[in-house]
Amino acid sequence: MYTMENHNSVLGIREYSLKEGAAAIAVDIDGRHGGKSAVKIIPHTVQRRGEIGCRKKEQTSDTYNLFAFPSECNFSGLRFDLGLVNVMKEDSYEMPGPTLSHSGRWMVLIDAAKGSATSPPDLSKYKADFVVVSFYKLFGYPTGIGALIARNGAAKLLKKTYFSGASGTVAASIADVDFYKRRDGIEEYFEDGTLAFVSIASLRHGFRILNALTMSAIYRHTMSLALYIRKALLNLRHVNGSRVCTLYGINDPELLCNEMGPTVSFNLKRPDGSWFGHREVEKLASLSNIQLRTGCFCNPGACAKHLGLSHSELLSNIEAGHVCWDDRDILNGKPTGSVRVSFGYMSTFEDARKLLKFIKSSFVSLPPQHSISDLLGEKPVPASTEGVERVTRTYFLKSITVYPIKSCAGFTVESWPLCSTGLLHDREWLLKSLSGEILTQKKVPEMGFITTLVDLKLGRLIVESLRCKEKLQIELTSGQCIAEREVMEIYSQRYEVQGYGSEVDTWFSTAVGRPCTLVRSYAFQNHMCSNKNRSMGPCRDLEARLNFVNEAQFLLISEESIADLNNRLRSKLHKGSNEQHIEVDPSRFRPNLVVSGGKPYAEDGWSRLKIGQTNFTSLGGCNRCQMINMAFTAGTVQRSNEPLATLASYRRLKGKIYFGVLLKMCDSIKQEAWLHAGQEIVAYAV
């Protein structure tokens, strides 16, 4: 039996009991119940596998049952009354309904991994049989080291089959005879092989810190920070008066708990009552150098309980593809997890204040100084002309950039031909690992140092890298492709591709510092983006033929938008930001087309445009990621939080940060068509 607030580590024990034909049950604890019993246990469905085996043997006084509960819930911070140990041992509880028998002897396991960091259990007062602690949660170091504290009598009941090295669980063994003798000491009996003694030796330093600070002082310090944050979050209001924050566990009457621990779990709402996704909060926080844990924290019971997710909703989310750690933070209008802030002895008031400042600036709506249409495009058309297309003004094409190899550097040209997939040879090649993973700058930043050039006269793709002595020249005709054509899937799209020989693959493996292969797309022959379900991948261009692009054939940005962003970066620096000065140019955003001649972000309002004689349709804004925070200079990669952090402050809409617009061609390329720098652009808005 275990509480709904138990961690997955306890749910894993359930598998042993069910496998052996025993029963398992999750329960809620109600400490408000009056009458003879002070504690009421509210059971969920009894779980059994092999029910016949379970019923063959009736429970007797010699039967052992196990009850597990956390001293502190790692999801919400709710503390459980450790008196539950005595309640279970004395059988002084009520459990309504046809559930498990009270027969047998209850043994109690306290999961104190979270609670021990600020309020360890007094085992002289609460005589639990087993207690689990985590040194990582006590000190922050080392990882992977914990302890099981067991009463001697309880430890002797545990069965163990496996043994390992001579320094571990076995005193003697014979290789070709069924004979072994275990060691006598309980701790020796359970410790397998060579222990992590270097990490264990470091624990004394952690205990020295705790003893010097004293647990009572750590408790007061962390609780004061958590109380400060809870009160401040509850007081946050949007401009329309609605609450910004929903806290979990703070007013929960159903659980037997003394108080809340130094953990604050919450979700944030928009003024209209819809939720901000917890992954959105986490990603924005990281841009402010704030590390938050989000999700369900390996505590599915407490997560479902506090978020109000039914079994059918949980199963529906799983069927929709939701798994732990993914970005599906809102499904069917409900959060799939929460944001958690945990305070420890090293946390400071400045940390808490910085968190609140971040939440206020990023998620609290204030009286508008600018309308959303001002921030994300031109002002709306008056109602009388709604639905009528209008010419905004004339712009000019400043530059054209082609990126032959996905995630590698591109080259800028004055003129370039168009084809059915966009710019000729744009994103026509990519690198993949030997296991089939697509390589990008996010994981392999060295790709940014691979320069590319397509020489149409010579009919060659020319690539260079600081890591390679020689240039690599690849014929544009398929003569160098020696591998058989194969079909591969990227973002649920099917591509017909062909690889090259070992010479080409060796060159690229040297350039990126890991084994990889180069493949070429034949999208102009057979591929169309057919993804009708956007949840399956990022493809937004549902009809056009595509090479290895993420969403659309073209990405366009304006010089005026870049200039406005740089002005904001300079202004932020003057206001005392700790970030070093960053000046970005268009190449940071990897656009195909750079235009000029209008106001900043005017491109957001375009429905279509005409460059020369070629028509294009806007597919909407381009959602940016941390890839734009990488700068490639002098053979090194410089990372910062900018410009994404600044963009997030004024270009964020429904969890996405937009900069630039995606385009597709409206016209079929039936004859030779080119784009030229300096061409006039006529833009239309609806």
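Residues numbered from 1 in each chain as written. Predicted model: local features only at pLDDT ≥ 70, side-chain atom pairs only at ≥ 80, totals over all residues. Heavy atoms only, no water.

**Some thoughts on the state of the cysteines**
One pass over the full model with this rule turns up one disulfide. Linked covalently through their sulfurs, Cys 296 and Cys 303 form a disulfide whose S-S length is 2.0 Å. Classification of the bridge connecting Cys 296 and Cys 303 rests on its S-S torsion, roughly -45°, and on that basis the disulfide is left-handed. Take Cys 303: its relative accessible area is 2%, and that puts it in the buried class. (Disulfide = S-S within 2.5 Å. Buried < 20%, exposed > 50% of the residue type's maximum accessible area, 1.4 Å probe, protein only.)

**Side note on the pairing of strand 21 (residues 415–419)**
Within strand 21, four of the five residues are buried, which leaves the element mostly enclosed by the surrounding structure. Remark: two residues form the turn of the hairpin made by strand 21 and strand 22 (residues 422–423), two consecutive strands paired antiparallel. (Helix = DSSP H or I, 4+ residues; strand = E, 2+ residues; numbered from the N terminus. Pairing = 2+ DSSP bridges.)

**Considering the packing of aromatic side chains**
In this structure the tally under the stated criterion is 20 aromatic pairs. Between Tyr 601 and Tyr 650 the ring centres are 5.9 Å apart and the planes differ by 70°, which places this aromatic pair in the edge-to-face class. Here the residue Tyr 601 occupies a position in the loop between strand 31 (593–596) and strand 32 (606–611), and Tyr 650 occupies one in helix 18 (residues 644–650), the gap between them amounting to 49 residues. A relative accessible area of 4% means that Tyr 601 is categorised as buried. (Phe/Tyr/Trp six-rings, centres within 6.5 Å; stacked < 30°, edge-to-face > 60°.)

**Re the sheet that holds strand 26 (residues 472–475)**
The antiparallel open sheet is built from three strands, whose spatial order is 24-25-26. Two strands close off the open sheet at either side, each with one partner strand: strand 24 (451–455) and strand 26. Neighbour-to-neighbour, the strand axes of this sheet turn through a mean angle of 20°, independent of strand direction. Two strands pair when backbone bridges link them, and strand 25 (residues 460–464) and strand 26 are joined in this way by four bridges, in the antiparallel orientation. Each residue of the ladder has a partner; that of Arg 460, found in strand 26, is Glu 475. (Axes fitted to C-alpha atoms, helices over the stretch in contact; angles between N-to-C directions.)

**Thoughts on the nonpolar core**
When a protein is soluble and globular, its nonpolar side chains tend to lie buried together. Core analysis: the largest hydrophobic core is formed by 48 residues, its most contacted members being Ile 405, Leu 431, Phe 508, Leu 518, Leu 593, Leu 609 and Leu 675. Top contributing element to this core by residue count: helix 15 (residues 502–512), with five residues. The contact partners of Leu 675, leaving out residues within four places of it in the chain, are Leu 397, Ile 400, Glu 414, Ser 415, Trp 416, Leu 418, Leu 423, Leu 593, Ile 611 and Phe 616. In this structure, Leu 225, Phe 343, Leu 644 and Ala 645 belong to the second largest nonpolar core, which totals 46 residues. (Core = buried A, V, L, I, M, F, W, Y, C linked by side-chain atoms within 4.5 Å. Contact = heavy atoms within 4.5 Å.)

**A look at the sheet that holds strand 22**
Taken in spatial order, the three strands of this open sheet run 22-21-38, and their pairing is antiparallel. Of all the strands in the sheet, the pair left with one neighbour each is strand 22 and strand 38 (674–676).

**Overview of the pairing of strand 11 (residues 170–174)**
Where strand 11 meets strand 12 (residues 179–182), four bridges bridge the pair, whose relative direction is antiparallel. Counterpart to Val 170 in the pairing with strand 12 is Arg 182. Counting the residues in the hairpin turn of strand 11 and strand 12 gives four residues.

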